[in-house]
Amino acid sequence: MSLRSRLAAANGPDGAPSALPGQNGAADGHREDNHLVAVYRSKLLEEIDLAEMSALDATERRTRLERVLGHIISREGPVLSSTERARLIRRVVDEALGLGVLEPLLADPSITEIMVNGPDSVFVERAGRVEHLPLRFASADQLMQTIERIVSTVNRRVDESNPMVDARLPTGERVNVIIPPLALTGPTLTIRRFPRAYTLPELIGLGSLDEQMLLLLAAFVRARFNVIVSGGTGSGKTTLLNALSGLIPSHERIITIEDSAELQLQQSHVIRLESRPANIEGKGQVTIRDLVRNSLRMRPDRIIVGEVRGGETLDMLQAMSTGHDGSLATVHANTAEDALMRLQTLGSMSEVHIPFEALTDQINSAVDVVVQLARQADGTRRVVEIALLVSRGRQPYRIATVSRFVPQPMGPDRVVRGHYQHLPLPREAADKLFLADEAVPPAYGVTDALDSRNTREALT
Ligand SMILES: Nc1ncnc2c1ncn2[C@@H]1O[C@H](COP(=O)(O)OP(=O)(O)OP(=O)(O)O)[C@@H](O)[C@H]1O
Ligand SMILES: [Mg+2]
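Residues numbered from 1 in each chain as written. Chains lettered and ligands numbered in written order. Predicted model: local features only at pLDDT ≥ 70, side-chain atom pairs only at ≥ 80, totals over all residues.

- In the nomenclature of an unreviewed UniProt entry, the protein corresponds to CpaF family protein from the organism Streptomyces fragilis.
- Annotation of the protein in UniProt includes, under Sequence similarities (unreviewed entry), the sentence "Belongs to the GSP E family." (UniProt positions renumbered as here; feature names shortened; annotations may be inferred.)

Listed below in structure tokens is the structure:
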């Protein structure tokens, strides 16, 4: 006998919801489950002393609720196996504590993203793969209550006049909410786990790059090359940016600028700036661009911009080419040439109108390296290319590949395999490393020839 049917039987006719015609068994099961959880939740709330509860910390509160509920179930519930009993207790307590079905997901460290698309559809990302979970909220109202609880912890409000919220929770998770009428599928919640800070050696362990690439990137960062980390959504840009930032010498003054502060730099001389959305009256907005401009007056040795996505791009490019070299930023693009195109587009979004060719000039002199990331079919994140920008002045962009990932055809296990290929560094880059007392890693070497084997033109 399943947990549901046992509980339903023990609850008597009132406790057992009748099956609705035309619904499948699984949906009925969920509805029954939800009903039982609601029944025990209200019994639990009758028994506890709220004043006493509020004096306890989160762990004590959970323990206390579990104990009280255990008594209630022993007293009036059915005979349950220990697993069934534990499952019921967990669900009721989770709901009583506020975040309902999300609680166990938030408690599971292997989950990196939680996606709720209306009350009946919950997806999570685990180890890079998206899974649909057999979980649901009792109703859209219950989901809205959960969402309201979450956003109220950061003093934000979500309602018809304010139907989109993007915020970072005190625990570091990034939360995005969008509700009807904008979201047609129901209240939609996306929770991104605070990204774990991987070190570069750990990233090598995960196969995201190899030892030689680490040596090269480390030399680039120490020699103050301007580095753009490029990749699609969730491809690991912030993670790599964070790891690369760790290579900056500890005596340098570093300013980080982000929309939601995710970088976790270990150096001691770090100033962290975070932009701010407008308040409910539409006032008080501070953009990434405002912060980039301000940071230039703060005597930075390095500026790190979490992601360029607007008018700040021009300020960032100007800073990179006028004394604030060694800066790092990410941009959302799927290839190295797309990254340059995107910088060009973003750079032209500023209200300072700058002619197309002047912008090309700016990018050619600002950007030294593009590190291209990709999230691959099997969920792994990988550096798929390290490219140097070798064009100058107003020339069309020319990219020299120095590392690339060469994939093998995918086998039946759907795991992406392949190897890294390393190509000689253009003389100019090698000289710049040499002047900074940095070595060219052995796998690379140096070349004077920039030909079609290792370079390509990015069409504008
Ligand atoms: N090399 C890697 N190997 C395995 N997992 C990774 C790797 N890099 C990042 N991740 C994981 O992938 C998820 C997304 O990473 P991250 O936030 O760095 O991506 P992003 O490209 O900055 O995303 P966004 O486009 O949302 O800014 C995180 O859960 C992170 O821990
Ligand atoms: Mg990011």
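That covers the picture; the talk isn't over yet.
**What about the environment of aspartate 301?**
Here is step 1 of the chain: Within the element layout of this structure, aspartate 301 appears in the loop between helix H11 (288-295) and strand E10 (302-305).
Here is step 2 of the chain: For the pair aspartate 301 and serine 327, spaced 26 residues apart in sequence, the C-alpha separation works out to 8.5 Å.
Here is step 3 of the chain: Discounting chain neighbours no more than four positions away, the residues touching aspartate 301 are Glu252, Arg253 and Ile254. (Helix = DSSP H or I, 4+ residues; strand = E, 2+ residues; numbered from the N terminus. Contact = placed C-beta atoms within 7 Å.)

**Considerations on the sheet that holds strand E5 (residues 174-178)**
Here is step 1 of the chain: Here six strands make up an open sheet; going across it, the order is E3-E2-E1-E6-E5-E4 and the pairing antiparallel. In this open sheet, the two edge strands, each paired with only one partner strand, are strand E3 (129-133) and strand E4 (164-168). Taken pair by pair, the neighbouring strands of this sheet meet at an average axis angle of 15°, ignoring direction.
Here is step 2 of the chain: Note: strand E1 (residues 111-117) against strand E2 (residues 122-126), five bridges, orientation antiparallel. Pairing of valine 116 across the sheet is with valine 122, part of E2.
Here is step 3 of the chain: Where helix H7 (residues 140-152) meets the sheet, it contacts E1, E4, E5 and strand E6 (188-192), and its direction lies at approximately 135° from that of E5. (Pairing = 2+ DSSP bridges. Axes fitted to C-alpha atoms, helices over the stretch in contact; angles between N-to-C directions.)

**Describing the site of ligand 1**
Here is step 1 of the chain: Around ligand 1, a shell composed of 16 residues is seen, among which Thr112, Gly236, Lys237, Thr238 and Thr239 lie nearest.
Here is step 2 of the chain: Looking at the shell around ligand 1 element by element, the count peaks at three residues for helix H10 (residues 237-245).
Here is step 3 of the chain: Among the residues forming the shell around ligand 1, the class breakdown is three nonpolar, nine polar and four charged. (Near = placed C-beta within 6 Å. Nonpolar A, V, L, I, M, F, W, Y, C, P; charged D, E, K, R; others polar.)

**Let's talk about the nonpolar core**
Here is step 1 of the chain: One finds Val227, Ile228, Ile257, Val305, Val369, Val370 and Val371 to be the most contacted residues of the largest nonpolar core, which totals 69 residues.
Here is step 2 of the chain: Judged by nonpolar contacts, the second largest core, of 19 residues, contains Val101, Val175, Val177 and Ile179. (Core = buried A, V, L, I, M, F, W, Y, C linked by C-beta atoms within 7 Å. Buried ≥ 20, exposed ≤ 12 C-beta atoms within 10 Å, placed from the backbone.)

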